[in-house]
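Listed here are the chains, written in short residue letters.
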Amino acid sequence: MEELYRFGVSMEQSLIEKFDKLIEKKGYTNRSEAIRDLIRESLAADKIEVKNELMFGVISFIYNHHQRELEEKITDYQHHNYKSIVSTTHIHIDNENCLEIIILKEKAKRIKAIADKIFSYKGVKSGKLSLVPMV
Ligand code: NI
């Protein structure tokens, strides 16, 4: 049996409360097993091979626009990738949150890398990537 590694995680109270409700609904008896399954899922999802063809990608994500320097970071990163980006739409959801939708035309692996980078920024709350193959 492999040795267990313990680590501490900090997050907003509201987020952990929602997570606890979700895992209770799913039948988990403790957070550790739920988090282990999430990690396994995300490792499996990353292994799914995407064909590295030219595709359209739609990256949508919600972020906290009060997060220091985040808005600037997101904009700079898009300027850095201007050749891949077809269009960006920004929606102010409320006082704190923004929804941004980026449409790209690029090779699939590059689209995935761009999405992963944006989702990794601190203050980006949820993100979704859709790859749309050319017909
Ligand atoms: Ni906004």
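What counts and what doesn't
- The residue numbering used here restarts from 1 in each chain and proceeds along that chain's sequence as written.
- Thresholds applied to this predicted model are a pLDDT of at least 70 for local features of residues and 80 or more for the giving and counting of side-chain atom pairs; totals over whole chains, interfaces and linings are not thresholded and use all residues.
- Only hydrogens and water are set aside; all other atoms, that is, all heavy atoms of the structure, feed into the side-chain values.
- For Na, K and Ca the donor cut-off is 3.2 Å; for every other metal, N, O and S atoms count as donors within 2.8 Å. Water does not enter the count, which can leave sites looking incomplete.
- Buried, partly exposed and exposed residues are distinguished by accessible area as a fraction of the type maximum, computed with a 1.4 Å probe on protein chains only: under 20%, between the cut-offs, and over 50%, respectively.
- Under the DSSP-based scheme used, a helix requires at least four consecutive residues in state H or I and a strand at least two consecutive residues in state E, with every element numbered from the N terminus.
- Whenever Lys or Arg places a side-chain nitrogen within 4 Å of a carboxyl oxygen from Asp or Glu, that contact is recorded as a salt bridge.
- A pocket here means an open set of points on a 1 Å grid, computed over the protein atoms alone, that has protein on both sides within 12 Å along at least five of seven lines. A cavity is instead a set of points where a 1.4 Å probe fits but cannot get out; residues with an atom within 4 Å of a point line either one.
- Grid points are joined across faces, edges and corners, and a volume is the space filled by probe spheres set on the points.

Participant: So what's going on with the coordination of the nickel ion? Residues and values would help.
Facilitator: Under perfect tetrahedral coordination by four donors, a metal shows angles of 109.5 degrees; under perfect octahedral coordination by six donors, it shows angles of 90 or 180 degrees. Taken together, H90 (NE2), H92 (ND1) and C98 (SG) make up the full set of protein donors to the nickel ion, lying 2.0 to 2.3 Å away. Going along the chain, you hit the donors of the nickel ion in the pattern H-x1-H-x5-C. Residue H90 is classed as partly exposed on the basis of its relative accessible area, which comes to 29%.

Participant: Which residues make up unusual backbone geometry, and what are the values?
Facilitator: Excluding glycine, most residues fall at negative phi; most peptide bonds, likewise, are trans. With a phi angle near 65°, E69 is a residue other than glycine that sits in the positive phi range. Here E69 lies in the loop between β1 (54-64) and α3 (70-80).

Participant: Can you tell me about the pattern of salt bridges, naming the residues and giving the values?
Facilitator: Inspection of the entire model under this criterion finds 7 salt bridges. We note a salt bridge from D20 to R31, for which the minimum N-O separation is 2.8 Å. Of this pair, D20 sits in helix α1 (residues 13-26) while R31 sits in helix α2 (residues 31-47), and the two are 11 residues apart along the sequence. Judged by its relative accessible area of 26%, D20 is partly exposed. Since its relative accessible area comes to 41%, R31 is described here as partly exposed. Between K112 and D116 there is a salt bridge, and its shortest N-O distance comes to 3.9 Å. Highlighted residues: K112 and D116, both in helix α4 (residues 108-120), separated by 4 residues, approximately one helical turn. Its relative accessible area of 40% is what places D116 among the partly exposed residues. Each of E33, R36, D37 and R40 takes part in one network of salt bridges that share partners.

Participant: Tell me about the layout of surface pockets, residues and numbers included.
Facilitator: Roughly 1300 Å³ of volume is contained in the largest pocket. When contributions to the lining of the largest pocket are tallied by element, the ones reaching two or more residues are α1, α2, α4 and β4 (124-133). In this structure, the second largest pocket occupies an estimated 590 Å³ of space. Along its surface, the second largest pocket is lined by 15 residues, and Y5, R6, F7, S32 and R36 are the ones closest to its centre. It is α2 that contributes the most residues to the lining of the second largest pocket, 5 residues altogether.

In short, the description is geometric, and any link to function would need to be established separately.
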